[in-house]
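Chain and residue survey
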Amino acid sequence: IMYKDELIDGEYFVTEKNAESFIKDDFKNEAELVSFVESNIGLFCKDFLNVELKSYKREFCISGENRRKFKGNRRVDFIIETKCGQTIVVECKCPRYVSEVSAGVAQLLGYICLFESYERKVDRFVLLSTKMDSVSIMMIKKFNLPIEFYLTDKDRHLRLIGDK
């Protein structure tokens, strides 16, 4: 998979080889990443997602009353409501190993199924990671999954998009 190494419409697109060099290892764990996003939620929505924040919930429980049916709580890191009426689910990953990023893809696929089973419309699903994983990108592209993948640190972010 190749990515452009240039500035296009205000966003950098980089080659897979140098994507990691743009991102520092700022976060100790996922909780720290989630807290950082929450403390900057307005900027996150504006700069990452290109939307205006109306409201959000952290650790949103999808299962609700149907906990028994699906065996336990399923919690998304963030569910965001925008001023234009969109609903966005964000799953954050701060993996120790790159291979753990694909677990985030699987989690989001599970969330897609759960939201559909509850007939709750979600417009966008976002995977926010501190590590690059080319296998996750391959999965998203090959199966045309409705998942956006962002790489981030405390100072910048990259939206990872493959050549069409």
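This section reports on the structure supplied with the text.

Reading the values: the criteria
Residues numbered from 1 in each chain as written. Predicted model: local features only at pLDDT ≥ 70, side-chain atom pairs only at ≥ 80, totals over all residues. Heavy atoms only, no water. Salt bridge = Lys/Arg side-chain N within 4 Å of Asp/Glu carboxyl O. Helix = DSSP H or I, 4+ residues; strand = E, 2+ residues; numbered from the N terminus. Buried < 20%, exposed > 50% of the residue type's maximum accessible area, 1.4 Å probe, protein only. 1 Å grid on protein atoms, 1.4 Å probe; cavity = no way out; pocket = protein on both sides within 12 Å on 5 of 7 lines; lining within 4 Å. Points joined across faces, edges and corners; volume = space filled by probe spheres on them. Nonpolar A, V, L, I, M, F, W, Y, C, P; charged D, E, K, R; others polar.

1. Re the pattern of salt bridges
Evaluated as defined, the whole model comprises eight salt bridges. In this structure, the salt-bridge partner of K154 is E32, at a minimum N-O distance of 3.4 Å. With K154 in the loop between strand 7 (147-152) and strand 8 (157-159) and E32 in helix 2 (residues 30-39), the pair connects residues that are 122 residues apart, well separated along the chain. Linking K121 and D123 is a salt bridge whose minimum nitrogen-to-oxygen distance equals 2.2 Å. Its relative accessible area of 31% is what places D123 among the partly exposed residues.

2. A few points about the layout of surface pockets
The space that makes up the second largest pocket amounts to roughly 240 Å³. Element by element, the count of residues in the lining of the second largest pocket is highest for helix 3 (residues 41-49), at four residues. Looking at the lining of the second largest pocket residue by residue, the classes come out as seven nonpolar, three polar and five charged.

3. A word on unusual backbone geometry
Of note in the backbone geometry, N50 takes a positive phi value of approximately 65 degrees without being a glycine. Among the secondary structure elements, N50 is positioned in the loop between helix 3 and strand 3 (53-61). Although it is not a glycine, N144 adopts a positive phi angle of roughly 50 degrees. Following the sequence through the fold, N144 ends up in the loop between helix 5 (134-142) and strand 7. Look at N144 and you get exposed, because its relative accessible area is 68%.

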